Amino acid sequence: MSEYVFVEKPLLKQLASMGWTVVEQGSGIPKDPTKSLRTSFREVVIKSVFIDAVNAINLHEGKPWLSAEQLEGLYENFTNFGVRSLFENNQEFISRLSKWQVDENTLTGEQNPVVKVVDFDNWQNNEFLAINQYRVDTPGGVKECIIPDVVLLVNGMPLVVIECKDVNSFTSDTMYQAIEQLRRYADLREPEGSALK
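What comes next concerns the included structure. Model, not experiment: these values are computed from the prediction. (Residues numbered from 1 in each chain as written. Predicted model: local features only at pLDDT ≥ 70, side-chain atom pairs only at ≥ 80, totals over all residues. Heavy atoms only, no water.)

### Here we look at the pairing of strand β9 (residues 150–154)
Regular strands place their side chains on alternate faces of the sheet.
Consideration 1: Counting buried residues along β9, five of its five residues qualify, which places the element largely inside the surrounding structure.
Consideration 2: Covered by surrounding structure in β9 are V150, L152 and V154 together with V151 and L153, the residues of both alternating faces.
Consideration 3: Pairing of strand β6 (residues 128–132) with β9 involves five bridges; the strand directions are antiparallel. Its bridge partner being in β9, F128 is matched across the sheet by V154.
Consideration 4: Strand direction decides the pairing type here: β9 and strand β10 (residues 157–162), joined by five bridges, are antiparallel. Bridge pairing in β10 places V151 opposite V161. (Buried < 20%, exposed > 50% of the residue type's maximum accessible area, 1.4 Å probe, protein only. Helix = DSSP H or I, 4+ residues; strand = E, 2+ residues; numbered from the N terminus. Pairing = 2+ DSSP bridges.)

### Focus: the pattern of salt bridges
Consideration 1: If you walk through the whole model with that rule in mind, you get six salt bridges.
Consideration 2: Note that K9 and E24 form a salt bridge whose closest N and O atoms lie 3.3 Å from each other. Taken together, the residues K9 in helix α1 (residues 2–17) and E24 in the loop between β1 (21–23) and α2 (47–57) connect sequence positions 15 residues apart.
Consideration 3: One salt bridge connects E92 with R96, and the closest N-O pair in it is separated by 2.8 Å. Within this pair, E92 and its partner R96 are both found in helix α4 (residues 86–98), separated by four residues, close to a single helical turn.
Consideration 4: Residues joined by salt bridges that share partners form a network here, namely R135, D137 and E144. (Salt bridge = Lys/Arg side-chain N within 4 Å of Asp/Glu carboxyl O.)

### Points about the nonpolar core
Consideration 1: Counting residues in hydrophobic clusters, the biggest one holds 19 residues, and the most contacted among them are F50, V54, L66, L74, V115, V117 and M157.
Consideration 2: When residues of this core are traced back to their parent elements, those giving at least two are α2, α3 (68–77) and α4.
Consideration 3: Aside from chain neighbours lying at most four places away, what touches L74 is F50, V54, L66, W100, V102 and V115.
Consideration 4: One finds V49, L129, L153 and Y185 within the second-largest nonpolar core, a separate group that totals 11 residues. (Core = buried A, V, L, I, M, F, W, Y, C linked by side-chain atoms within 4.5 Å. Contact = heavy atoms within 4.5 Å.)

### So, helix α5 (residues 174–185)
Consideration 1: For α5, built from 12 residues, the straight-helix expectation of 16 Å at 1.5 Å per residue is met to within 8% by its first-to-last C-alpha distance of 17 Å.
Consideration 2: Within the span of α5, buried status applies to A178, E180, Q181, R183 and Y185. (Expected span 1.5 Å × (residues − 1).)

### Some words on the environment of G140
Consideration 1: You can see G140 is positioned in the loop between β7 (136–137) and β8 (145–146).
Consideration 2: Measuring from C-alpha to C-alpha, the distance between G140 and F6 comes to 34 Å, with 134 residues separating the pair along the chain.

### Quick word on the side chain of D119
Consideration 1: By the secondary structure assignment, D119 is in the loop between β5 (114–115) and β6.
Consideration 2: The buried category is assigned to D119, whose relative accessible area is 3%.
Consideration 3: Polar side-chain contacts of D119 include one of 3.0 Å to the side chain of N125.
Consideration 4: Other than its neighbours up to four places away in sequence, D119 contacts I57, N125 and N126. (Polar contact = N/O pair within 3.5 Å; in protein donor to acceptor, adjacent residues only side chain to side chain.)

### A word on the side chain of Q25
Consideration 1: With respect to the element layout, Q25 can be found in the loop between β1 and α2.
Consideration 2: For Q25, a relative accessible area of 19% translates into the label buried.
Consideration 3: Within the structure, Q25 has its side chain in polar contact with the backbone oxygen of Q133 (distance 3.0 Å).
Consideration 4: Setting aside residues up to four positions removed in sequence, Q25 forms contacts with P30, D32, K35, S36, I131, N132, Q133 and Y134.

This is the structure:
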């Protein structure tokens, strides 16, 4: 509880003061995915935010030009990378983030136009969202779910995971513990008994 009170809550307050939309779920294990704007805890990219944000930043003469089918396809493109390693999936994500195309601009007829998934030129056009206790169910994993303390999302895509640790008499090395927890989320921990190098 002290971690939530002394680290997580102040971080969320600071993010809100910087213009982030904050969804504060309190402490503990979330039971209702709708509180984090999702339909299930298996949804990692927030579909509704992604579709609305991507539609809003792809304009031609002030009008959105992506069709509902194209937006659904883009959501699939940014949530399904096939069965690969985490590293390969991350590389593919970065590649798609920097340049991705659809078949046609539905307003102009232009073929293979580039789609903005993040507006890098006008950052204020993006949707910035911070959610604490961002539960993600992991069927088939060692644990039923992971629950990062704070996740920062841009246009519904989780880009930053923050693990909050409170400095107290029970915690000897907060940085190490936070890194180990993040490594566990990514299934990258060292085998028992080996030292982290």
